[in-house]
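Given next are the chains, with one letter for each unit.
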Amino acid sequence: MQQEQQTNIDLSPLEIRLALFAHGYSPVLARGKVSDVAGWRTPVASIEEISALTASNPSYQNTGLLCGPLVALDIDTPDPETAAALLAMADALPGADRALRRVGRAPKISLFFRATEIRKKVETPEYIVRGHKCQIEVMQDGQQVVGFGIHPETRQPYEWLGASPLDVPFADLPEITPETIADFVAEAEAYFAAHGTPVREKKDTTSNARSGGDTFWRRINTAALDNTDAWVPSLFSSAHKEAGTGAWRVTSRDLGRDLQEDISIHRDGIQDFGLEQSETPISLVEKWGGAGSPQIAAFWLCERLGREPADFGWEQRDLGVRMTLGKLSKPPEPANDDVADEDDDDEPSTPIPQAGGLPEHLCFPPGAVGDFARFIVGCARFPSPHLALVASLAFTAGLVGRRYKGPTGLRSNLYIIGLAESGFGKDVTIRVTSALADSTSWGHKVSENLFSDQIRSLPGLAGKLRKSPSAVVIQDEFGRWLAEHTARNAASYRAEITASLMELTGAPAGFWGGQEKAAGNIPRIVQPCLSVHGISTPSTFWGALSSGNISEGLLGRLVLIDVGNAEPVKVRRPPNSIENIPPALSDQVAALLGLSAGKYTGSFCALTAKSDEKPFPIMTVEWGLGVDDIFEDFDDRIRSMRKTVDPQYRPILNRVGENAARLALIVAVGCNPKEPIITAEIQQWANAVAEHSLLVILQGADENVADNDRAAEYIRVRRIISRKGARGITMRDILKSIRGSIDKRRLEDIMSMLRRAREVHLASLVADSGQTKIRYWSAESLPKAGAIIPPEAG
């Protein structure tokens, strides 16, 4: 068999997937080794589906092969001698000389066959052989194996020894029978048993949770499993309890995922049958409750159980050093159950919940909003699903106008801001929504009515709303605009604009303007519905804020979508074109405007709106059966954070539910403009996005907002170190970065405070070359092998 290695395949992920599909394989989108794109276990059906999935999931750069008809015999043995022995056994199998072979991390290797019968995965137990954990896994129905892209551990491309699936059609692979697989697995296990020791005690998070142990985390998990009734209904409003077993069941459908199996929550443990993995109460609250960290999840469970964290061994110590603007009120770190203390007198200060970027699967809600977002992504050379979602939501909110209201009485007016660094393709999102608007039979009239120039003056804003009482303002560089209008020394007319934006959030149910505005020069506008589509770099946005104007109310009215740190990957040939809007999307735009033929033409058409008359008719969008409980439970949970959040953030908590209600309304109308219903899936999506925005506010303010020059210097130095990540940074490079702008003595004080607050560590690390590096790392980026140098040691 030819043994040349194929490592440099000069094809894009889309080209690889299309070539695999043409050869009879079912490609799977993967990040690293993992694929969690909804429906990945179902074989793709067309090149159009592959193109759409690739365009809407640009961060999934690796490509896997779906197993089932395809069998991957995986020799998962890092010991070279053992791997060679097992490969010799595999080579003796019928047709093995024609099996394709892929290497991810040598000497591990996978051989690929064609199944005569589709069966489930078969594997040996794990054994320790010569100090290595070894196993054989035969990947079959319901599994996938990554074949193309970069291995997450070696950071090198996956290799094919000889031909690859790009060269050999699936039909030409050698066949393998269930009997052959069973014989091979039995022979491999006999070899393991003769040369190694079985791993008898497998790590099991569920058994850990039940065992109690002696750690804070295990005590919480055990108590939660002993009283599931106290917290499961609050976490999953759709959960139902089985009379016979006493287990709570949550269906995948209620969770909004494309899987058949449920989550089972029982006092003996938690099993996610959809993902075939165990969970703990803490991990479940993190994943499905929106908790930003295990600590927040544990504290939430304590509250539901009616217990204090101290009851489970939590110790609270406050350094009083960390400079923060506001956060969840100082919930303490665990009493270092599992890790030896570096300093018995200093516990780390509590990190704020980490928001990170909005999970990508939330960027494509059902209906028109998701369809518009996918099309926008497919038009971009540097696609960003997050900014596409921002544009699509604002666009749909404007199309819906003031003609719909939700079950709480709120309308579709939405102030949504995307936070992203330069290079995330924000311009294309603006151009595509304009092209979508102009794609109906009404042509440019739609975009002329819908979109407004940036807000520069109060009369200009009023003039636009007078002409079009439902409008979308596209405010590029929103952070810079915010700085001009919220600064302490901002001109009075700028401050009046900010105040008007806050007033306009409630105006769709009443009116705005009249004699009280600008000495009567602003006309009275009945039920205006203004939405804002803003884009800003995070540093500019947070730099515009101080603790004073955070509490004034505008921030809570914003829905912030954080792109996160993953940069967009260039697409050389985007599958979609602004010049070629699909008719189906044009029809959706027309339906949302009320332009389509049917019941709601005439006065219901958005383009015939008059600013001095109430809109008619107004359609009320209701919740589906039981969905009001999902919303109310979410709203109650967020409002209950008043007890633990800094007082200046309490007004923001009151707005989170309102934002969730607006988001759900917009998506529901986008799904069916004539008979819209807010389903459980829609409300759960809206809750998740609204809570993400809250966490972005808490984290962003904590990490970036300063009220004086000294605090700004502290934040700046911390940011310089954090940006270096796992590489760390020397003091010499810190000095280069600040370029003399901070006095040397002041810098020493800042470094001392950062280290004592344990936000930054000075540590030594032995590199692969044997050289010892002494550098500064942020607490979250310190390598595991780094040896921390205590502050008192210098």
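Read on for an overview of the structure. (Residues numbered from 1 in each chain as written. Predicted model: local features only at pLDDT ≥ 70, side-chain atom pairs only at ≥ 80, totals over all residues. Heavy atoms only, no water.)

**Here we look at the pairing of strand β5 (residues 100–103)**
Reasoning step 1: Covered by surrounding structure in β5 are Leu100 and Arg102 together with Arg101 and Val103, the residues of both alternating faces.
Reasoning step 2: Bridge count between β5 and strand β6 (residues 109–115): 3 bridges; the pairing is antiparallel. In the sheet register, arginine 102 faces β6, and the bridge partner there is serine 110.
Reasoning step 3: Strand direction decides the pairing type here: β5 and strand β11 (residues 159–161), joined by 2 bridges, are antiparallel. Residue pairing across strands places valine 103 opposite glutamate 159, the latter belonging to β11. (Buried < 20%, exposed > 50% of the residue type's maximum accessible area, 1.4 Å probe, protein only. Helix = DSSP H or I, 4+ residues; strand = E, 2+ residues; numbered from the N terminus. Pairing = 2+ DSSP bridges.)

**Observations concerning helix α10 (residues 294–305)**
Reasoning step 1: Spanning 12 residues, α10 covers 16 Å between terminal C-alpha atoms, matching the ideal 16 Å at 1.5 Å per step.
Reasoning step 2: Along α10, the positions that sit buried rather than exposed are Gln295, Ile296, Ala297, Ala298, Trp300, Leu301, Cys302 and Leu305.
Reasoning step 3: Close packing links the buried residues of α10 with α6 (216–226), α7 (232–235), α9 (281–288) and α21 (627–639).
Reasoning step 4: Two residues or fewer after α10 comes glycine 306, characterised by a positive phi angle close to 70 degrees. (Expected span 1.5 Å × (residues − 1). Contact = heavy atoms within 4.5 Å.)

**Remarks on the sheet that holds strand β20 (residues 415–419)**
Backbone hydrogen bonds are what pair the strands of a sheet, in a parallel or an antiparallel way.
Reasoning step 1: As summarised here, the arrangement of the 5 strands in space is β21-β22-β25-β20-β26, forming an open sheet in which the pairing is parallel. Both outer strands of the open sheet, β21 (451–452) and β26 (558–562), are each paired with one neighbouring strand and no more.
Reasoning step 2: Pairing of strand β22 (residues 470–475) with strand β25 (residues 529–536), which is carried by 6 bridges, proceeds in the parallel orientation. The partner of isoleucine 474 across the bridge, within β25, is histidine 533.

**Re the sheet that holds strand β17 (residues 269–272)**
Reasoning step 1: Taken in spatial order, the 5 strands line up as β14-β15-β16-β17-β18 in an open sheet, and their pairing is antiparallel. The sheet terminates laterally at β14 (240–241) and β18 (277–279), the two strands that pair on one side only.
Reasoning step 2: Sheet analysis places β17 next to β18, joined by 3 bridges and oriented antiparallel. Each residue of the ladder has a partner; that of glutamine 271, found in β18, is serine 278.

Take it as geometry only, folks, not as evidence of what the structure does.
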